[in-house]
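For reference, the chains in residue letters:
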Amino acid sequence: MSDLVTVTIDGVEVTVPQGTLVVDAAKMIDNDIPVFCYHPKLKPVGMCRMCLVEIGVPMRDRATGEVLRNEDGSVRLNFGRGLQTACTVVVSDGMVVRTATQPVKDAREAVIEFLLTSHPLDCPICDKGGECPLQNLTMRYGRGESRFDFSNKILLDKHVPLGELIYLDRQRCIQCARCIRFQDEVVDDPVIDFHNRGRRLEIVTLSEPGFDSYWSGNTTDICPVGALTTADFRFGARPWELTSVASVCTHCPVGCNTTLDTRREAIAGGRSVIKRVMPRQNEWVNEIWICDKGRFVHHYADAPTRLKQPLVRKNGQLVEASWDEALDLVAGKLQQHKTAVAGLAGDRLSNEDLYLFQKLFREGLGSNNIDLANRRLAGGDVVAQVGLASGSNLKELGAGDAVLVVATDLHEEAPVWWLRVKQAAERGAVVVVANLRPTRLDKFATHRLHYAPGEALSTIRQLVNLAKVEMETADSDPLAAAADALIKAKNMVVFYGSEGLTYEETDALARLLANLLLVKNGEGHVGRPNNGLIPVWPHSNTQGAWDMGVHPAFAPGYKPVSEPGLRATDIYAGVADGSLKALFVIGADPVGDGLMADRGQLDFLVVQELFMTKTAELADVVLPAQSWAEREGTFTTGERRVQRYYMAIPPIGDSRPDWQILAQINERVGLGKPAFAASLVFNEIAKVVPQYKGMDYRSLARVEKQWPDVGGEDLYYGGTAHENRSGLGQQWACVAESATVERFDVAEQPVIARDGLQLVRVAALYTSGTLIEQSPVLHHRMARPTIQLAHADATALGLADDDRAEVTVNSVTYETAVRVNEQVPAGLVLLSGVPYIAGLTTAQIRKLETAVAQPTGD
Amino acid sequence: MAHILLRHRDIENIHELDVYLAHGGYEGLKKALSIQPDEVIEVVKKSGLRGRGGAGFPTGIKWGFIPKGPGEKYVIINTDESETGTFKDRELVEKNPHQVIEGALIAAYAIGARTIYNYFRGEYMDAAYRFEEALKACYERGLLGQNILGSDFSCDFYCHYGAGAYICGEETALINSLMGNLGQPWSKPPFPAIEGLYGKPTVVNNTETLANVPPILVNGPEWYTSMGTEKSPGVKIVCMSGHVERPGNYEVEMGVTYRQLIEMAGGMRNGRKFKALLPSGGSGPVITEEALDAPMTYEGLTPYGSVMGSSSVIVMDETTDMVWAALKMVHFFRHESCGKCTPCREGTFWMEKVLSRIYHGYGTERDLQILESVANQIGGRCLCALGDFAVNPVLSTIRHFFDEYKAKVSGAGQKQQATRETAVATAD
């Protein structure tokens, strides 16, 4: 039997893959069968009854199996006893579907009428009004007037907080369970459910704090009525007043496609502000989901504390200055100290910014002293060779494929990747996790390798050595079993991070993992779609920083430089000892992050920033930059997809986009006329960086029809996600796609004797930082400094659950909460809610006797 | 005739294992264990035994749907007896528990299950104590647990007590409830025989159905088919209630007429005149005098637009207000609607509102039209059968007793004060 079946829907034949639901088959030929509970990203349940249609299947002779025919030769059809739900019935060959008959029309009218008997009909004040499936389908299929006695309506609570982020309007809810099913099936956070029965059925939260999930905002998107709303958007605007601008999330290397919905606000003095962030469909990246961090952290763009004017230090004070004055000063000082200058960049900047920044140093000042302010994860050069091949889509991984995840907690560091790996596992892919400790991905893993502190590299080295094509199967050794499963997989994707590892160790790790991918089993696992290495970079554009040559040893396009400059750690030393005279910090806060004590013996410090950070407070010149929402640019994701984002709101104050500021400095140091558009900077990148050859702002904006069709103009998925009209991005090809890559040499890392309790800093999605601090809506969810350790270790330190402790790491002291957690391996302390700490350190923990600092009183 | 199911009425203390064993107890199981599982299914198929919960699906065929081969499978006994006017399973589990256990063990052996669950109606606590004692005795004697009766067959038995929901008698809702989920049915497929409890093949049988199995194994299928009718063979417990002299359970051969059943129950109470009866608790359409001579079989009431169902016969005499009766039933179904699918959740609520208005004398002609229209909007459009059940009392009383409705809306009837129960009905 073929994989395709042909069905006839309202007289139109359509051929679809086996297993397709009738409702989807109809959608493919633009026959919109109305639905409420059905959603193409969820399993069908058939409970709203809106999609009832007539479905006939050919009758067959029981004995011979032959199709029976009427006298006129047409196929005899069995339409069953009544209407059937199009969302639960799978197509079969010869099926005939009728969606426009009187019984179908009656059924639709009936369901709409029933739903409206309990609905408050408060469309004029409803957030969903204007993009509401219930409203749309009522207009299309409703009877126009209600026969229900209005005095019989039940009044229910309209402002039920399911947590402080999501509110429920019980009256508007039509009990379709899309939200409940999303939380359970898609993201495995079954923290909301139905309570009670019949007309009293209501959604309740089962968690403390309420609706405890990183994904809660998505339920407001897929809610087909205005029952679920987010705390920061509810009653904020009507959908038709919003201007939607395509954007890309800036909070992790996944690069979720988003839409910024903006509106002019009286309270913002008539300025246009971001009202909400919604997912924009990109089936290659985030499908139609985003995490709550991406949804709620945008408030920093409108924060009143944003820098609005260039500042220049005069008589010890930072005072407002004109752009020309500030830029002249910066250009002059940098040139004056040409021989002792350095630049540090943050990895949230766009490719255009980063490119011009390195151009300033390399071409304008002749220095290679340029690095990321906080380099955590190595291997960009390795990724350029054997990274995830272009044309990959994690959605295609399934049975027969394998995913290896090393030294990272994807759920906290890159939630959408966690989701996609989890879904790959559910489709049958083998997932191997290797880490110091269990993470949320362990539940979906087939092999869990928990190595002892300090044994990460030796474990992975062993794994690579065991991964031989001719190996014996069914080995009882878990490492060998994992290696076997990986190497025999049709496709293999490897994620790696830096949890518990130093920068040097991550470099060795990347090379080891590249060698694993290079083991030939037939083709090897590089250079083919859905194979290769994905680094879990700390920020949204670390990949771009590598590509653009913000690296002391690599020029743009990974060209090694003849005389590598100073690395960030050396730069901090140079600042302290006076060997460096001028420092340019852009989009980073090394002082605030504890990387740089003070301005040391610098003669000149310039900081380009959104906010008055700790570093900026010490600067001679502070240049106010624009946030991502005020400007355009490109980011490159960890999957090396170059994606374009657009200007959504007008600039704050006199701030300028980073690339423009840099271009204007570059002009002043003699690099010619500045580019007047980000797209022109990108054109230069495409010329200089071979990997970006052939890309431009037009090619990045290219779109194609995506399936499922949820962002379109139909009447019932309308609010789910925004249709992608602004670009799917382009993945750049790694070396292995066109050439043979040799195995990497891996330097032996010194084995450090590990005595006593080892402390590792672990990621938490809502860890405090410059940007997240500006979004009050998330303050309750912020990860406070916390240590987690096993019971025995806690007892030895005299600690119990809910105690407070003082933890000292690298001479920085944190006051933390204590959580006793049996999941934590003995001998290990997990420290979360604090800035990044590389590698493992010996834990110095002291119990604090006074639980919490008591208010002293008046 | 000696009872086949209600054997406790003939044999004292048959709930005790020794007594049950002394009267041929567990002989059916022994017989089953002596033949292949497939042969057991064949015997049950040949007996023509059909589901006694009401749907009447052939039991042997249901067992035959279970995939062969290794893997976890389950047998679930449905003792969530919640249909209005139904109390037959209660008597079985309370007075003759071993026959149910034995039947379930035979089912488990036939399909290759190692675990049996009995889903009890939560209110049946007394019966449950008796039943649990019987289970304990079985474990002590090697009739449950490892290597039952020295064979290779091992099986465990657990009881679960429902939390008071009618819908949990529907097999998929029952399975959801048993798994700790909300008691709501799911849209079939998947059928429990393929994906049931914990996603494994599962047979859900009514308590009475399983009580029929041991005697079939002992006496053979021909013995069973010699009773009842061709399409509805065997015996059935009938729950007689309402306006009869002696309400209660009666074990009868299939095919007796409803008139005979009323006579068996001592005739109409106080010699009043018969008006109508509900043949299947609240869920079947009412029948009137014309159908009294129909045989009580799965097909017998088809010409009269009704069903035998679980044969819970609620008899109503001439004093009954049929609008009141319909309201009572609709109130029940509104209260028990799980809320999962729209027509049932919203429609039962709406029907009750309109019916209540009509009953209390505030209805209009238009309300009658709305009532009938709403009922028709529910019927045939729901996920499970509850929606269809809910409209049966309304549509059938409108069909047979339209005059009474007419009288209520014409203003001829006095406007009534809401009684306690109708007030409760409309309060939430």
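Predicted model, so just to flag it, every value in this text is computed and none were measured.

K.L.:
Any chance you could explain the overall build of chain B here in plain terms?
P.N.:
Of the regular secondary structure elements, chain B holds 17 helices and 9 strands. Its C-alpha atoms put chain B at 75 × 45 × 35 Å along the principal axes. In chain B, which comprises 428 residues, the share counted as buried stands at 61%. Residue pairs at least 24 apart in sequence account for 71% of intrachain contacts in chain B once pairs closer than 6 positions are excluded. Carbon together with sulfur atoms contributes 51% to the accessible area of chain B, which is approximately 16,000 Å² in total.

K.L.:
Hey, could you run me through the nonpolar core in this one?
P.N.:
Inside soluble globular proteins, nonpolar side chains tend to come together where they are buried. Among the nonpolar cores identified, the biggest contains 181 residues, and Leu 410 and Phe 495 of chain A together with Met 351 of chain B are the most heavily contacted of them. Residues contacting Leu 410 of chain A, with those up to four places away along its chain left out, are Val 405, Pro 415, Trp 417, Trp 418, Val 421, Leu 441, Phe 495 and Val 536 of chain A.

K.L.:
Hey, could you run me through the packing of helix 12 (residues 456-466) of chain A against helix 14 (residues 503-518) of chain A in this one?
P.N.:
The relative placement of two packed helices comes down to the angle between their axes together with the axis-to-axis distance. Residues and elements named next belong to chain A. Viewed as axis vectors pointing N to C, helix 12 and helix 14 meet at an angle of 10°, and their least axial separation amounts to 9 Å. Put simply, helix 12 runs roughly parallel to helix 14. Every residue of helix 14 that contacts helix 12 at Leu 457, Ile 460, Arg 461, Leu 463 and Val 464 is listed here: Glu 505, Ala 508, Leu 509, Leu 512, Leu 513, Asn 515 and Leu 516. Here the residues of the contact of helix 12 with helix 14 are counted per class, giving 9 nonpolar, 1 polar and 2 charged.

K.L.:
Would you mind going over the packing of aromatic side chains with me for this structure?
P.N.:
The geometry of an aromatic ring pair is captured by the separation of the ring centres together with the interplanar angle, meaning the angle of the planes. Applying the stated criterion to the full structure yields 32 aromatic pairs over all chains. Aromatic side chains Tyr 109 of chain B and Phe 153 of chain B sit 5.4 Å apart centroid to centroid with 75° between the ring planes, which places their arrangement in the edge-to-face category. One end of the pair, Tyr 109 of chain B, is in helix 6 (residues 97-111); the other, Phe 153 of chain B, is in the loop between helix 7 (125-140) and strand 3 (156-161), with 44 residues separating them in the sequence. Among the aromatic residues, those joined into a cluster by ring pairs are Trp 537, Trp 546, Phe 554, Tyr 558 and Trp 732 of chain A. For the cation-ring pair, Arg 375 of chain A lies above Trp 546 of chain A, with the distance from its terminal atom to the ring centre recorded as 5.0 Å. Against the face of Trp 732 of chain A rests Arg 640 of chain A, its NZ or CZ located 4.7 Å from the ring centre.

K.L.:
Which parts of the structure should I look at to understand the interface of chain A and chain B?
P.N.:
Many authors give the size of an interface as the accessible area that is lost as the parts come together. Contact residues are listed per partner, giving 33 residues for chain A and 31 residues for chain B. Of the roughly 2,800 Å² buried where chain A meets chain B, counting both sides, 54% is carbon and sulfur surface. Connecting chain A to chain B are 3 salt bridges. Our count for the contact surface shared by chain A and chain B stands at 18 residue pairs in polar contact (both at pLDDT 80 or more). Ranked by residues supplied to the side of chain A that touches chain B, first place goes to helix 2 (residues 102-118) of chain A with 10 residues. Partitioning the side of chain A that touches chain B into residue classes produces 16 nonpolar, 8 polar and 9 charged.

K.L.:
Hey, could you run me through helix 15 (residues 386-400) of chain B in this one?
P.N.:
It helps to recall that an α-helix has 3.6 residues per turn; residues three or four apart then point in one direction. Residues and elements named next belong to chain B. Given a rise of 1.5 Å per residue, 15 residues ought to cover 21 Å, and the 22 Å separating the end C-alpha atoms of helix 15 matches this to within 8%. The largest bend in helix 15 comes to about 30°, at Asn 392, with the proline Pro 393 one to four residues further on. Buried residues along helix 15 sit in contact with strand 7 (274-282), helix 12 (322-336), helix 13 (342-359), helix 14 (365-378) and helix 16 (402-409).

K.L.:
What is the right way to read empty space enclosed by the protein from this model?
P.N.:
A water-sized probe, rolled over the atoms, reveals where empty space remains. Residues and elements named next belong to chain A. The tally for this structure, following the rule as stated, stands at 8 cavities of 30 Å³ or more. Approximately 200 Å³ is the volume attributed to the largest cavity. Around the largest cavity sit 18 residues that line it, and Thr 220, Asp 221, Thr 230, Phe 233 and Arg 276 are the ones nearest its centre. Secondary-structure elements contributing two or more residues to the lining of the largest cavity are helix 5 (216-222), strand 11 (228-230), strand 14 (272-279) and helix 6 (292-296). Residue composition of the lining of the largest cavity, by class: 5 nonpolar, 6 polar and 7 charged.

K.L.:
Sorry, what's going on with the domain arrangement of chain A here?
P.N.:
All names here are of chain A. Along its sequence, chain A is organised into domain 1 (4-100), domain 2 (122-138 + 148-301), domain 3 (311-376 + 541-693), domain 4 (380-535) and domain 5 (758-848). Look at where the C-alpha atoms of domain 2 and domain 5 centre, and you get two points 32 Å apart. The junction of domain 2 with domain 5 conceals about 1,300 Å² of combined surface from both sides, 67% of it contributed by carbon and sulfur atoms. Per-residue buried area on domain 2 facing domain 5 is highest for Glu 164, Tyr 214 and Lys 293; these three make up 39% of the total on that side. Inspection of the region where domain 2 meets domain 5 yields 2 salt bridges. The residue Glu 164 makes a salt bridge to Arg 781 at a minimum N-O spacing of 2.7 Å.

K.L.:
Just checking my understanding: could you explain the side chain of Ser 655 of chain A for this structure?
P.N.:
Residues and elements named next belong to chain A. Structurally, the position occupied by Ser 655 is in the loop between strand 30 (641-645) and helix 18 (658-668). A polar side-chain atom of Ser 655 sits 2.7 Å from the main-chain carbonyl oxygen of Ile 652. Look past the residues within four positions of Ser 655 in its chain and what remains in contact with it is Arg 306, Leu 307, Lys 308, Trp 323, Pro 624, Ala 625, Gln 626 and Glu 630.

K.L.:
Honestly, the pattern of salt bridges in this entry has me stumped. Any pointers?
P.N.:
Charged atoms that come close allow side chains of opposite charge to pair. All names here are of chain A. Going through the model one piece at a time under the given rule, you end up with 80 salt bridges over all chains. Between Arg 143 and Glu 113 there is a salt bridge, with its nearest N and O atoms 3.5 Å apart. One end of the pair, Arg 143, is in the loop between helix 3 (133-141) and strand 7 (160-161); the other, Glu 113, is in helix 2, and 30 residues separate them in sequence. Owing to a relative accessible area of 4%, Glu 113 belongs among the buried residues under this scheme. A salt bridge links Arg 271 to Asp 302; its shortest N-O distance comes to 3.5 Å. Note that Arg 271 is positioned in the loop between strand 13 (257-264) and strand 14 and Asp 302 in the loop between helix 6 and strand 15 (311-314), a separation of 31 residues in sequence. Judged by relative accessible area, Asp 302 falls into the partly exposed class, the value being 26%.

K.L.:
Explain helix 2 of chain A here, please?
P.N.:
Helix length check: helix 2 of chain A (17 residues) gives 25 Å between terminal C-alpha atoms against 24 Å at 1.5 Å per residue, within 8%. Looking at the buried positions of helix 2 of chain A, the neighbouring elements they touch are strand 3 (52-58), strand 6 (96-98) and helix 3 of chain A together with helix 13 and helix 14 of chain B.

K.L.:
Sorry, what's going on with the sheet that holds strand 19 (residues 402-406) of chain A here?
P.N.:
Backbone-to-backbone hydrogen bonds join strands into a sheet, with any given pair of strands oriented parallel or antiparallel. Residue and element names in this part refer to chain A. With parallel pairing, 5 strands are arranged side by side in an open sheet as 21-20-19-22-23. Edge positions in the sheet fall to strand 21 (447-450) and strand 23 (532-535), since each has one partner strand and no second. Recorded for the sheet is a direction-independent mean angle of 15° between the axes of neighbouring strands. In the sheet, strand 20 (residues 430-435) pairs with strand 21 via 4 bridges, with the strands oriented parallel. The partner of Val 432 across the bridge, within strand 21, is His 447.

K.L.:
What is the right way to read unusual backbone geometry from this model?
P.N.:
Negative phi is the rule for most residues except glycine; trans is the rule for most peptide bonds. A cis geometry characterises the amide bond from Glu 208 of chain A onward to Pro 209 of chain A, with omega recorded as 0°. Here the amide bond leading from Lys 188 of chain B into Pro 189 of chain B is cis, since omega sits at 0°, within 30 degrees of zero. Examined against the element boundaries, Pro 189 of chain B turns out to sit in the loop between helix 8 (171-178) and strand 4 (202-206). One non-glycine residue, Phe 211 of chain A, lies in positive phi territory at about 45°. Position of Phe 211 of chain A relative to the elements: it lies in the loop between strand 10 (202-205) and helix 5. At Asn 530 of chain A, a residue that is not glycine, the phi angle is positive and equals roughly 65°.

K.L.:
Just checking my understanding: could you explain the pairing of strand 10 of chain A for this structure?
P.N.:
On any regular strand, side chains alternate: one points to one face of the sheet, the next to the other face. All names here are of chain A. By the bridge criterion, 4 bridges tie strand 9 (residues 192-195) to strand 10 in an arrangement that is antiparallel. Across the sheet, Asp 193 pairs through a bridge with Val 204, a residue of strand 10. Here strand 9 folds back onto strand 10, and the loop between the two strands holds 6 residues, one of which, Asn 196, carries a positive phi near 70°.

K.L.:
Can you help me understand the confidence of the model for chain B in this one?
P.N.:
Residues shown with low pLDDT carry predicted positions that ought not to be read at fine detail. Residues and elements named next belong to chain B. Chain-level statistics for chain B give a pLDDT mean of 94 and a share of 96% at 70 or above. Low pLDDT, under 50, characterises residues 423-428; the predicted model gives this stretch 10 contacts beyond four residues in sequence or across chains. Prediction confidence for the complex, expressed as pTM and ipTM, is 0.95 and 0.93 respectively.

K.L.:
Would you take a moment to explain the side chain of His 243 of chain B for this structure?
P.N.:
Counting through the fold element by element, His 243 of chain B comes out in the loop between strand 5 (235-242) and strand 6 (248-253). If near-sequence neighbours (up to four positions away) are discounted, His 243 of chain B is found in contact with Gly 267, Met 268, Arg 269, Val 315, Met 316, Asp 317, Thr 319 and Thr 320 of chain B.

K.L.:
What exactly am I supposed to notice about the packing of helix 12 of chain B against helix 13 of chain B here?
P.N.:
Residues and elements named next belong to chain B. Helix 13 packs onto helix 12 with a crossing angle of 155° between their chain directions and a minimal axis gap of 9 Å. Considering their axes alone, helix 12 and helix 13 lie roughly antiparallel with respect to each other. Note that helix 12 runs across helix 13; the crossing there is left-handed. Together, Val 323, Trp 324, Ala 326, Leu 327, Val 330, His 331, Phe 333 and Arg 334 of helix 12 and Thr 348, Phe 349, Met 351, Glu 352, Leu 355, Ser 356, Ile 358 and Tyr 359 of helix 13 make up the contact between the two elements.

Thresholds, definitions, all that
- Residues numbered from 1 in each chain as written.
- Chains lettered and ligands numbered in written order.
- Predicted model: local features only at pLDDT ≥ 70, side-chain atom pairs only at ≥ 80, totals over all residues.
- Heavy atoms only, no water.
- Helix = DSSP H or I, 4+ residues; strand = E, 2+ residues; numbered from the N terminus.
- Buried < 20%, exposed > 50% of the residue type's maximum accessible area, 1.4 Å probe, protein only.
- Contact = heavy atoms within 4.5 Å.
- Areas by Shrake-Rupley, 256 points an atom, 1.4 Å probe, with all protein chains shown as cover.
- Core = buried A, V, L, I, M, F, W, Y, C linked by side-chain atoms within 4.5 Å.
- Axes fitted to C-alpha atoms, helices over the stretch in contact; angles between N-to-C directions.
- Parallel < 35°, antiparallel > 145°, perpendicular 65-115°, else oblique.
- Nonpolar A, V, L, I, M, F, W, Y, C, P; charged D, E, K, R; others polar.
- Phe/Tyr/Trp six-rings, centres within 6.5 Å; stacked < 30°, edge-to-face > 60°.
- Lys NZ or Arg CZ within 6 Å of the ring centre and 35° of its normal.
- Buried area = accessible area lost by both parts, 1.4 Å probe.
- Salt bridge = Lys/Arg side-chain N within 4 Å of Asp/Glu carboxyl O.
- Polar contact = N/O pair within 3.5 Å; in protein donor to acceptor, adjacent residues only side chain to side chain.
- Expected span 1.5 Å × (residues − 1).
- Bend = angle between axes of the 7 residues up to and from the residue.
- 1 Å grid on protein atoms, 1.4 Å probe; cavity = no way out; pocket = protein on both sides within 12 Å on 5 of 7 lines; lining within 4 Å.
- Points joined across faces, edges and corners; volume = space filled by probe spheres on them.
- Domains from an automatic or database assignment.
- Pairing = 2+ DSSP bridges.
- pLDDT = per-residue confidence, 0-100.
- Left-handed = near helix turned anticlockwise from the far one by under 90°.

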